[in-house]
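So you can see what is in the structure, the chains are spelled out below.
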Amino acid sequence: MADNKSSVKYEETVRPEDEELVEQETDEEEEEDEEEWDDWNEEEEGGNDSSSIIKCLFCDYAFDHSRSLFDHCISIHHFDFPTIRRSLSLDFYSSFNLFNYIRSLVAENRCWSCGLTCQSNLDLQSHLHEPLSLEEIKPRWNIEAYLKPFLQDDPLLYSFTEDDDEDIAEKDDDDDNDNELTTIVRNCEEIRIDHEIYSETENVASASDNHYEMISSSAESGIDCPGDKKSRAYFRRHVAKDVKNANEDYFGSYSSFGIHKEMLSDKVRMDAYRQAILDNPSLISGAVVMDVGCGTGILSLFAAQAGASRVIAVEASEKMAAVATEIARENGLLRGKSSSDGTSKCIGLVEVVQCMVEEVDKKIRIEPHTVDVLLSEWMGYCLLYESMLSSVLFARDRWLRPGGAMLPDTATIFAAGFGKGGTSLPFWENVYGFNMSCIGKELVGDAARIPIVDTVEGHDLVTNAAVLKTFDLVTMRPEEVDFTASIVLEPSLSNAESSLLDLESKTSWCYGVVLWFETGFTGRFCKEMPAVLSTSPHTPKTHWSQTILTFREPIAIAAGKSDVHRSAAIGTDGCPATNISLRISIVRASQHRSIDISMETSGVGPDGRKRSWPYFPSSVLTGLRLEANMVLRYRNDKPWPVVITSKSDGRSVITTGWSEFRKLIKQHQSQ
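Thresholds, definitions, all that
- Residues numbered from 1 in each chain as written.
- Predicted model: local features only at pLDDT ≥ 70, side-chain atom pairs only at ≥ 80, totals over all residues.
- Heavy atoms only, no water.
- Helix = DSSP H or I, 4+ residues; strand = E, 2+ residues; numbered from the N terminus.
- Buried < 20%, exposed > 50% of the residue type's maximum accessible area, 1.4 Å probe, protein only.
- Pairing = 2+ DSSP bridges.
- Contact = heavy atoms within 4.5 Å.
- Expected span 1.5 Å × (residues − 1).
- Polar contact = N/O pair within 3.5 Å; in protein donor to acceptor, adjacent residues only side chain to side chain.
- UniProt positions renumbered as here; feature names shortened; annotations may be inferred.
- Axes fitted to C-alpha atoms, helices over the stretch in contact; angles between N-to-C directions.
- Parallel < 35°, antiparallel > 145°, perpendicular 65-115°, else oblique.
- Left-handed = near helix turned anticlockwise from the far one by under 90°.
- Nonpolar A, V, L, I, M, F, W, Y, C, P; charged D, E, K, R; others polar.
- Phe/Tyr/Trp six-rings, centres within 6.5 Å; stacked < 30°, edge-to-face > 60°.
- Salt bridge = Lys/Arg side-chain N within 4 Å of Asp/Glu carboxyl O.
- Arc of directions from axis to C-beta.
- Core = buried A, V, L, I, M, F, W, Y, C linked by side-chain atoms within 4.5 Å.
- Domains from an automatic or database assignment.
- Right-handed = clockwise from strand over helix to strand, strands pointing away.

## Quick look at unusual backbone geometry
Omega for the peptide link from Leu 407 to Pro 408 comes to -5 degrees, which places this bond in the cis form. Turning to its location among the elements, Pro 408 is positioned in the loop between strand S9 (400–407) and strand S10 (410–418). Here the phi dihedral of His 78 falls at roughly 60 degrees; this positive angle occurs in a residue that is not glycine. Notably, Ser 89 is not glycine yet its phi reads approximately 55 degrees, a positive angle.

Put into structure tokens, the structure is as follows:
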């Protein structure tokens, strides 16, 4: 307010002939300020690669945003900072103390909640647990000594407030500490806006079916601060743009005919859908069918061939919608109007609508809950990566009539342990008579850092298969795609060439876990001929392959070995585990249409002793399609980019350097 009063007084005393000079000087000063601001922003942006990388509180992984760090700590380390902060009403300084307290104890391999000292950091990570009583341990960190940063220039100490700026802005003005922090936040509003966009985009990406509502509600949350309306408009535009760009990349990638040839050549895929549609006449005949993500329109053509009365083929890709339209026209199935006899009649069955399914009612006239059969091939790698499930569920809730059918109507993720044959080790152990196993060992070590999309043969499985998660697509809610499940894998006893006694005493080595999925066209709707689409290692290969999570070290397993060494570690040849317990989490990642996979592993010995192994790192299966035969994946917490290239002789995985990764991103963005 003091600055405003000074400017008013100056305007009253200035002479008319000087007004032009004053305006000129003011404009020059504003231009200088803008240049300085731009320079400052460039310096900040240039420093993002190093100074703003936030190291995890408990392990060696790093993140570019506090939100990602806290999500990681919740799912892996049992440390829920947002909940702790709310339950204890921690202010800025108490939170500051807590982070420094944890970092100091972790450096000594001590548990922050119970104080137990472990032998190593890996042992500490396996030991970490939720605190029994937060009130009792709060005095340990809420002391002045922990106001001193444990790590020099720790980005977490000045970024952890970004996710709750709205709460900070609404604090009571009478509280001096909160008022001071609110002032800082308000003054830095423009500086933080990019971070806020990134944070909110995580929420938007995890619920694409209602992202416009989320943008609106976030922008109208009522932050009462200077320039708030302008900031909200800026925020709203950029979040919408981020989601739009992500969707354009995704749908645009499917404009390549190479991808569609791969999918149409997938016999397992095509046979399952063709059987479900053509061999169930009581379901399709005379029905109104909606095909979500129709691509070339092949499933819509099947539906028309099976006797549907109307087929609404929805495709977001402009190019593929045009292609599907032309294909339907060439096959005499495109819906249109004829007036040859003076009256207007509808001919054909297939109506192609170019838009996202969430916007169908903006393109055509269709009443809610009037679709009889909802049809879609929405599945991605590991079922949920890059999938359209949220859009399918939106279409179900908006267009499907009560009691209407969904094809498919169930989806299940399975897991099993694989042996040495599921790795590249056998190949490298004998290359034209030479031992190159050092390469194989390095590749297996690299594979333990990230999920790999590849195939495993059924005979390479060394455990039973277990159901990780089953979805009922008719009743499930969109948020159910985020889940954590626990399963137990036991040594496989299915080898018919060996006797039961041999199998019970035989030791196998489990190198990791392979995930695959099945979708069911069950008798609930397909009464004449149910069908199953399986990507199992025991069935013919599909373009989805399987998803492989490799252990950092192989685990010895045996069904019942009596001659064990009591002093030997569980999971070794001296004391094989009788089973392997897994706790696997699959959640939507911050990158739009990506998933975050993490895994905790433990084993039980014949004598009842237990052992935990280092967790599979929280890794993101994410990416961009660069070419028709290429998918780029990278992790958001470590520079481990890989390129998956589909070739005629199979799928190869090539690890690239960080600089090469950035080149690929720039090449994609420039296309």
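## A few points about the pairing of strand S3 (residues 288–292)
The buried count for S3 comes to five of five residues, which makes it a mostly enclosed element. Residues Val 288, Met 290 and Val 292 line one face of S3 and the alternating positions Val 289 and Asp 291 line the opposite face, and both faces are buried. Here S3 pairs with strand S4 (residues 310–315) via five bridges, running parallel. By the bridge assignment, Met 290 is partnered in S4 with Ile 312. In this structure, S3 lies alongside strand S8 (residues 371–376), joined through four bridges in parallel fashion. Looking across to S8, one finds that Asp 291 is bridged to Leu 375.

## Description of the environment of Val 352
Looking at where Val 352 falls in the secondary structure, it is placed in strand S7 (residues 350–354). On a C-alpha basis, the gap between Val 352 and Ala 324 in space is 7.0 Å, while along the polypeptide they are 28 residues apart. Discounting residues that sit within four places of it in the chain, Val 352 has contacts with Ala 313, Ala 321, Ala 324 and Thr 325.

## Things to note about helix H14 (residues 267–278)
Relative to the 16 Å expected for twelve residues at 1.5 Å per residue, H14 spans 16 Å between its end C-alpha atoms, a close match to the ideal helical length. Listed as buried for H14 are Val 268, Arg 269, Met 270, Ala 272, Tyr 273, Ala 276 and Ile 277. Capping the start of H14, Asp 266 holds a side-chain oxygen 3.3 Å from the backbone nitrogen of Val 268, two or three residues further along.

## Digging into the UniProt feature "domain: C2H2-type" (unreviewed entry) in the protein chain
Per the UniProt record, "domain: C2H2-type" (unreviewed entry) is annotated on residues 56–78. The annotated region residues 56–78 carries 52% helix and 9% strand content, and the separation between its end C-alpha atoms amounts to 13 Å.

## Things to note about the packing of helix H4 (residues 81–88) against helix H5 (residues 92–107)
Between H4 and H5, whose axes approach to 11 Å, the crossing angle comes to 135 degrees. Accordingly, the angle class assigned to the pair H4 and H5 is oblique. The two elements H4 and H5 meet at a crossing, and its hand is right-handed. Mapping the contact onto sequence places Phe 81, Ile 84 and Arg 85 in H4 and Phe 92, Ser 95, Leu 98 and Phe 99 in H5. Its residues assigned to classes, the contact of H4 with H5 comprises five nonpolar, one polar and one charged.

## Looking at the packing of aromatic side chains
For any pair of aromatic rings, the description consists of the separation of the ring centres together with the inter-plane angle of the planes. Applying the stated criterion to the full structure yields 17 aromatic pairs. When the ring of Phe 58 is compared with that of Phe 79, the centres are 5.6 Å apart and the planes differ by 65 degrees; the resulting orientation is edge-to-face. With Phe 58 in the loop between strand S1 (54–55) and strand S2 (62–63) and Phe 79 in the loop between helix H3 (66–77) and H4, the pair connects residues that are 21 residues apart, well separated along the chain. Residue Phe 58 shares its accessibility class with Phe 79, and that shared class is buried. Between Phe 517 and Trp 544 the ring centres are 5.4 Å apart and the planes differ by 80 degrees, which places this aromatic pair in the edge-to-face class. Here the residue Phe 517 occupies a position in strand S14 (residues 508–521), and Trp 544 occupies one in the loop between strand S15 (531–534) and strand S16 (546–557), the gap between them amounting to 27 residues. Each member of the aromatic cluster is reached from another via a ring pair, and the members are Phe 58, Phe 70, Phe 79, Phe 81, Phe 99, Tyr 101, Trp 112, Trp 141 and Tyr 146.

## Focus: the side chain of Asp 409
Note that Asp 409 resides in the loop between S9 and S10. The buried category is assigned to Asp 409, whose relative accessible area is 0%. Separated by 2.9 Å, the side chains of Asp 409 and Arg 524 make a polar contact. Those residues in contact with Asp 409, other than ones at most four positions away along the chain, are Phe 471, Asp 472, Leu 473, Val 474, Gly 520, Phe 521, Thr 522, Arg 524 and Phe 525.

## Concerning the pattern of salt bridges
Across all of its chains, the model carries 21 salt bridges by this definition. Of the charged contacts, one joins Asp 472 and Arg 524 as a salt bridge, the two residues approaching to 3.0 Å between their closest N and O atoms. Taken together, the positions of Asp 472 in strand S12 (residues 466–472) and Arg 524 in the loop between S14 and S15 put the pair 52 residues apart, joining distant regions of the chain. When its relative accessible area of 34% is taken as the criterion, Arg 524 is described as partly exposed. Through salt bridges that share partners, Arg 310, Arg 335 and Glu 351 make up one connected network.

## Brief notes about the sheet that holds S7
As summarised here, the arrangement of the five strands in space is S7-S4-S3-S8-S9, forming an open sheet in which the pairing is parallel. The open sheet has two edge strands with one neighbour each: S7 and S9. Going from strand to strand, the sheet's axes swing by 25 degrees on average, the running direction of each strand aside. Bridge count for S4 against S7 is five bridges, and the pairing is parallel. Its bridge partner lying in S7, Val 311 is registered against Val 350. Lying on the sheet, helix H17 (residues 318–330) is in contact with S4 and S7; it crosses S7 at an angle near 165 degrees.

## Points about helix H13 (residues 257–264)
Residues Ile 259, His 260 and Met 263 constitute the buried set of H13. With its buried residues spanning 95 degrees around the axis, H13 presents them on a single face.

## Side note on the nonpolar core
Ranked by internal contacts, the top residues of the largest apolar core, which has 98 residues, are Met 290, Leu 384 and Ile 586. Among the elements that make up this core, the one with the highest residue count is H14 (six residues). Counting contributing residues per domain, this core is built from domain 2 (257–337 + 346–407) and domain 3 (413–494 + 506–623), each supplying no fewer than three. Not counting residues up to four positions away in its chain, the partners in contact with Ile 586 are Cys 382, Leu 384, Ile 413, Leu 468, Val 481, Asp 482, Phe 483, Leu 515, Ile 595, Asp 596 and Ile 597. By size, the runner-up hydrophobic cluster in this structure holds 34 residues, among which are Phe 58, Phe 81, Val 106 and Cys 118.

## Re the side chain of His 543
On the secondary structure map, His 543 appears in the loop between S15 and S16. Given a relative accessible area of 13%, His 543 falls into the buried group.

## Let's talk about the pairing of S9
In this sheet, S9 lies alongside S8 in parallel orientation, the contact comprising four bridges. From the neighbouring strand, Val 373 faces S9, where its bridge partner is Ala 405. Once the chain exits S8 it traverses helix H18 (residues 389–399) before rejoining the sheet at S9, and the crossover so formed is right-handed.

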